[in-house]
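For reference, the chains in residue letters:
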Amino acid sequence: MNSLKTNRLYLRELADKDAPELFTIWSTPAVTKFMNIIPLTDVTQAEDIIKMFAQLSKEKKGNRYSIFLAETGDLIGTCGFNQLDADNDRGEIGYELGEPYWGHGYMKEALMKLLEVGFASFALNRIEAKVEPENSASIGLLEKIGFQNEGLLRQYEKAKGRYIDLYLFSLLKEEWA
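Per an unreviewed UniProt entry, the recorded name for the protein is GNAT family protein, and the organism is Shouchella rhizosphaerae.

Scanning the protein for helices and strands turns up 6 helices and 8 strands. Helices and strands appear in the protein in the N-to-C order β-β-α-α-α-β-β-β-α-β-α-β-β-α. Since a compact globule built from 177 residues should have a radius of gyration of about 16 Å, the 15 Å found for the protein is in line with a globular shape. Taking the principal axes of the C-alpha coordinates as reference, the protein spans close to 40 × 35 × 35 Å. By residue count, 45% of the 177 residues in the protein fall in the buried class. Long-range contacts, defined as pairs at least 24 residues apart, comprise 59% of the intrachain contacts of the protein with a sequence gap of at least 6. Of the accessible surface of the protein, which amounts to about 9600 Å², a share of 48% is contributed by carbon and sulfur atoms. Taking the average location of the 21 positive side-chain charges in the protein and that of its 27 negative ones, the two points are 1 Å from each other.

Another aspect to go through is helix α5 (residues 136-144). For α5, every residue scored as buried is listed here: Ser138, Ile139, Leu141 and Leu142. Viewed end-on, α5 has its buried residues packed into an arc of 160°, placing them on one side of the element. Residues Ser136, Ala137 and Lys144 are exposed on α5 and point more than 90 degrees away from its buried face. Contacts from the buried residues of α5 go to β5 (90-97), α4 (106-121), β6 (126-131) and β8 (162-172). Phi turns positive one or two residues past the end of α5, at Gly146, with a value near 105°.

Here the idea is simple: oppositely charged side chains can pair when their charged atoms come close. Counted under the stated rule, the structure contains 10 salt bridges. The salt bridge partner of Asp18 is Arg12, with a shortest N-O separation of 2.7 Å. Classification of Arg12 as buried rests on a relative accessible area of 16%. Measuring nitrogen to oxygen at the nearest pair gives 2.6 Å for the salt bridge that ties Glu128 to Arg126. Comparing Glu128 with Arg126 shows no difference in burial state: the two are buried. Overlapping salt bridges, with partners in common, bring together Asp85, Arg90, Arg126, Glu128 and Glu150 in one network.

Conventions adopted
- Residues numbered from 1 in each chain as written.
- Predicted model: local features only at pLDDT ≥ 70, side-chain atom pairs only at ≥ 80, totals over all residues.
- Heavy atoms only, no water.
- Helix = DSSP H or I, 4+ residues; strand = E, 2+ residues; numbered from the N terminus.
- Rg over C-alpha atoms; globule rule 2.2 N^0.38 Å.
- Buried < 20%, exposed > 50% of the residue type's maximum accessible area, 1.4 Å probe, protein only.
- Contact = heavy atoms within 4.5 Å.
- Areas by Shrake-Rupley, 256 points an atom, 1.4 Å probe, with all protein chains shown as cover.
- Lys, Arg positive; Asp, Glu negative; His and termini not counted.
- Charge placed at Lys NZ, Arg CZ, Asp CG, Glu CD.
- Arc of directions from axis to C-beta.
- Salt bridge = Lys/Arg side-chain N within 4 Å of Asp/Glu carboxyl O.

Written out as structure tokens, the structure reads:
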């Protein structure tokens, strides 16, 4: 799926031309606070991330969409599958929005479309998300769209030089239907 549409959004697989706008988003400390990257300092870093997701997509191990406002064409964030596990019909989602676009329901709208793609087109049985316990906005969003918190993964990941706890959230296809 190269592109998707919702009422207010247009989602398209990441492209090299998105790098300058994504650099702006990914260089904002408030946006990257709960991401596994430090704020970017050069646009080439955004280009490298785009290349990484292009390779994952080519290998059918993940994908990422740039999110645009349909009305203005502004690139406001990204979402997608950080990981696709075809053997187990499982995927893990990730997402972020530029700070000016927080609180407008855009990510809920984008994720609802992403879940539809995951369960219908990718034939996934389970979609997961891992979230830092302090990321209350993301936790609230996942709960709102039906994800269940399965528990705390203690010191699960090393991010920004320290071990962090993560909550594991999941949504099953039977719960989505």
